[in-house]
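# A closer look at the structure
Listed below are the residues making up each chain.
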Amino acid sequence: MEERVVRTKEELKKAKEDKIDRIIVKGNLVKELNAAKKITTLSAGALAALTAFIGAGVAAAPFTAGTSLAISAVAAAPIAVTTGLSIPAIVLIAAVGVNVMIALFKEYKITFDLKNKTAVFEKK
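A brief structural summary.

### Quick notes on the environment of Arg4
When you line up the elements, Arg4 lands in strand S1 (residues 3-6). For the pair Arg4 and Val25, spaced 21 residues apart in the sequence, the C-alpha separation amounts to 8.5 Å. If we ignore the near neighbours within four places in the chain, the residues touching Arg4 are Lys14, Ala15, Asp18, Ile20, Arg22, Ile23 and Ile24.

### Looking at the packing of aromatic side chains
In total, this model carries three aromatic pairs according to the counting rule given. Ring geometry for Phe105 against Phe121: centres 6.2 Å apart, planes inclined by 50 degrees, an arrangement best described as tilted. Here Phe105, found in helix H6 (residues 98-107), pairs with Phe121, found in strand S4 (residues 118-123); they are 16 residues apart in sequence, far enough to count as distant. Residues Phe112 and Phe121 carry aromatic rings whose centres are separated by 6.5 Å and whose planes lie at 75 degrees to one another, so their mutual orientation is edge-to-face. Its relative accessible area of 0% is what places Phe121 among the buried residues.

Conventions adopted
- Residues numbered from 1 in each chain as written.
- Predicted model: local features only at pLDDT ≥ 70, side-chain atom pairs only at ≥ 80, totals over all residues.
- Heavy atoms only, no water.
- Helix = DSSP H or I, 4+ residues; strand = E, 2+ residues; numbered from the N terminus.
- Contact = heavy atoms within 4.5 Å.
- Phe/Tyr/Trp six-rings, centres within 6.5 Å; stacked < 30°, edge-to-face > 60°.
- Buried < 20%, exposed > 50% of the residue type's maximum accessible area, 1.4 Å probe, protein only.

Structural measurements only, silent on function.
Structure representation (structure tokens):
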């Protein structure tokens, strides 16, 4: 069983892509992940709105020198209302990717320890 400790969104995405069996998340990312777990309960409409919002930022990237990839709180506010996700959760989902986030929550058993800022993802 392969295990990896991650502290950033990029490290989390890479661990998922590398099909790591046990991912230990430490630090502030844990709180964002706990908020983002709601993505698995979104309606089709809310998920479509979230995906379109994130896709619009990616599509605009070549024309904005990549600055549209950084989602602002102002831009994310309407999607937060539509989906019920917090703005930090939306930023995390945008950084990691909708499909990767959904797969993480569906393919792994997750234990959160918010007090110690630790989450353990174990493949089901």
